[in-house]
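Take a look at the letters that make up each chain.
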Amino acid sequence: MKASKLVTTASVGALLFGMTAAAQADNWRYAHEEYEGDVQDVFALAFKEYIEDNSDHTVQVYRFGELGESDDIMEQTQNGILQFVNQSPGFTGALIPEAQIFFIPYLLPTDEETVLTFFDESQAINEMFPELYAEQGLELLKMYPEGEMVITTNEPISSPEDMRNKKIRTMTNPLLSETYDAFGATPTPLPWGEVYGGLQTGILDGQENPIFWIESGGLYEVSPHLTFTGHGWFTTAMMANQDFFEGLSEEDQALVRDASEAAYDHTMEHVQGLADEALEKIQAASDEVTVTRLDEEQIEAFRARAPQVEEAFLGMTGERGAELLEQFKADLDAVTNE
């Protein structure tokens, strides 16, 4: 009888332990801005795999359009409906004006290896930005580059004069609008979901994106003239709802950080060589595509217009923006002179 009672007690204990463990295994929701197989999707799936391989938690990934546009998924994250979100500073700029620093043209170098080292080592990226995101209830886990920006247009361009009055689609980002205004174009903010149709119908004359987006979104079909101006890189950020993150156990916080690092390492390997592969696919798919790589003299004509964008950034962000920009440039100098 006594032995039987011990067995029963042990069984109930095991069941309760199992229920407690099950109750602690959560399904986390993670949304990003891109299509299946794109860079943000690669990051999200690597993050998901690490979490699920190293815990009882699961991660549900939502791709572009499944929960709305970029503004929608950010709002859902801030409201705690989503636990994780991946969003470019191009959209976050409305919340965090300082995040628009990535849209100052010719601030970042074009060399892929230098850019990747900068993101790894930058004090501005890894120490200053988390504080800015925290003010908006967001735990910044990783900022990373996706690829060099390429302009596509309905006619070949090689100078600011060629850009005159062209309606270039921009994200809803004041500084990006300032950039294309400086380049001589007419900046035209439009949601990502409307870009293909806008190019097809002539509402837009062009747009900018990393080459893999141009390929995966089929934008070259309706905007076939690609120009490498060397003016910037598309940068994105992966973050968590801060209340959610701070409510996690220390073990789970470490798990999330480790998963973010693992996803970052995997994604940075994926990014290398990705632009060349995407361009090859585009050229194989269309005879109408032209590719223009500006020479140094042509680039200088665009670069000469960058100071007015930097001035606009400082006007929008004040003293904090000036401190961030100073550190950003110091970090770039350190990487360039290594």
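Reading the values: rules and limits
- Residues numbered from 1 in each chain as written.
- Predicted model: local features only at pLDDT ≥ 70, side-chain atom pairs only at ≥ 80, totals over all residues.
- Heavy atoms only, no water.
- Patch = residues over 30% accessible without salt bridge, like charges linked within 9 Å, V, L, I, M, F, W, Y side chains within 5 Å.
- Areas by Shrake-Rupley, 256 points an atom, 1.4 Å probe, with all protein chains shown as cover.
- Salt bridge = Lys/Arg side-chain N within 4 Å of Asp/Glu carboxyl O.
- Lys, Arg positive; Asp, Glu negative; His and termini not counted.
- Charge placed at Lys NZ, Arg CZ, Asp CG, Glu CD.
- Helix = DSSP H or I, 4+ residues; strand = E, 2+ residues; numbered from the N terminus.
- Buried < 20%, exposed > 50% of the residue type's maximum accessible area, 1.4 Å probe, protein only.
- Axes fitted to C-alpha atoms, helices over the stretch in contact; angles between N-to-C directions.
- Parallel < 35°, antiparallel > 145°, perpendicular 65-115°, else oblique.
- Left-handed = near helix turned anticlockwise from the far one by under 90°.
- Contact = heavy atoms within 4.5 Å.
- Nonpolar A, V, L, I, M, F, W, Y, C, P; charged D, E, K, R; others polar.
- 1 Å grid on protein atoms, 1.4 Å probe; cavity = no way out; pocket = protein on both sides within 12 Å on 5 of 7 lines; lining within 4 Å.
- Points joined across faces, edges and corners; volume = space filled by probe spheres on them.
- pLDDT = per-residue confidence, 0-100.
- Arc of directions from axis to C-beta.

- An unreviewed UniProt entry lists the chain under the name TRAP transporter substrate-binding protein DctP, with Vreelandella aquamarina given as the organism.

1. Points about a negative patch on the surface
Working step 1: A grouping of Asp120, Glu121, Asp265 and Glu269 is seen on the molecular surface, where their side chains present a negatively charged patch.
Working step 2: Contributions of two or more residues to the negative patch are made by α5 (112-121) and α12 (250-271).
Working step 3: Judged by its relative accessible area of 47%, Glu121 falls in the partly exposed class.

2. Here's the deal with unusual backbone geometry
Working step 1: A positive phi angle, near 65°, is found at Tyr106, a position not held by glycine.
Working step 2: The phi dihedral of Asn165 falls on the positive side, at around 65°, and the residue is not glycine.
Working step 3: Take Asn165: it is sitting in the loop between α7 (160-163) and β5 (167-170).
Working step 4: Asn165 gets classed as exposed once you look at its relative accessible area, which sits at 57%.

3. Regarding the packing of helix α2 (residues 39-54) against α12
Working step 1: The interhelical angle for the contact between α2 and α12, taken along N-to-C directions, is 140°, at an axis separation of 8 Å. Of the possible angle classes, the one that applies to α2 and α12 is oblique. In this structure, α2 meets α12 at a crossing whose hand is right-handed. Where α2 approaches α12, its residues Val39, Val42, Phe43, Ala46, Phe47, Tyr50, Ile51 and Asn54 are matched on the opposing element by Leu255, Val256, Asp258, Ala259, Ser260, Ala262, Ala263, Tyr264, His266, Thr267, His270 and Val271.
Working step 2: Split by residue class, the contact of α2 with α12 holds 14 nonpolar, 5 polar and 1 charged.

4. Side note on empty space enclosed by the protein
Working step 1: All told, the structure shown has 4 cavities of 30 Å³ or more when counted by the stated rule.
Working step 2: The space that makes up the largest cavity amounts to roughly 70 Å³.
Working step 3: Looking at the largest cavity, the residues that line it are Phe102, Phe103, Ile104, Pro105, Met149, Leu176, Thr179, Glu208, His231, Gly232 and Trp233.
Working step 4: Per-class residue counts for the lining of the largest cavity are 7 nonpolar, 3 polar and 1 charged.

5. Brief notes about the confidence of the model for the chain
Working step 1: Within the chain, residue pLDDT values average 91, and 93% of them lie at 70 or more.
Working step 2: Here residues 1-23 is modelled with pLDDT under 50, and outside its nearest four sequence neighbours on either side it reaches 0 contacts, counting other chains as well.

6. With respect to helix α3 (residues 70-78)
Working step 1: Those residues of α3 that fall on the buried side of the exposure criterion are Ser70, Ile73, Met74, Gln76 and Thr77. Burial along α3 is one-sided: seen end-on, the buried residues are contained in an arc of 160°.
Working step 2: On its buried side, α3 packs onto β1 (27-31), β3 (84-87), α4 (89-92), β4 (138-153) and β9 (233-241).
Working step 3: Immediately downstream of α3, the backbone of Gly80 shows phi near 85°, a positive value.

7. Section: the environment of Val335
Working step 1: Of note, Val335 is situated in helix α15 (residues 306-336).
Working step 2: Distance in space between the C-alpha atoms of Val335 and Thr292 is 28 Å, their sequence separation being 43 residues.
Working step 3: Apart from the residues within four sequence positions on either side, Val335 is in contact with Thr114, Thr117, Phe118 and Glu121.

8. Points about the pattern of salt bridges
Working step 1: In the structure shown here, the tally under the stated rule is 12 salt bridges.
Working step 2: With its nearest N and O atoms 2.9 Å apart, the salt bridge here joins Glu52 to Lys48. In this pair, Glu52 and Lys48 both sit in helix α2, 4 residues apart, roughly one turn of the helix.
Working step 3: With a relative accessible area of 30%, Glu52 lands in the partly exposed category.
Working step 4: Classification of Lys48 by relative accessible area gives partly exposed; the value is 25%.
Working step 5: The shortest N-O distance in the salt bridge between Lys329 and Glu310 comes to 3.0 Å.
Working step 6: Given a relative accessible area of 33%, Lys329 falls into the partly exposed group.
Working step 7: Each of Glu98, Glu135 and Arg320 takes part in salt bridges that share partners, so that together they form one network.

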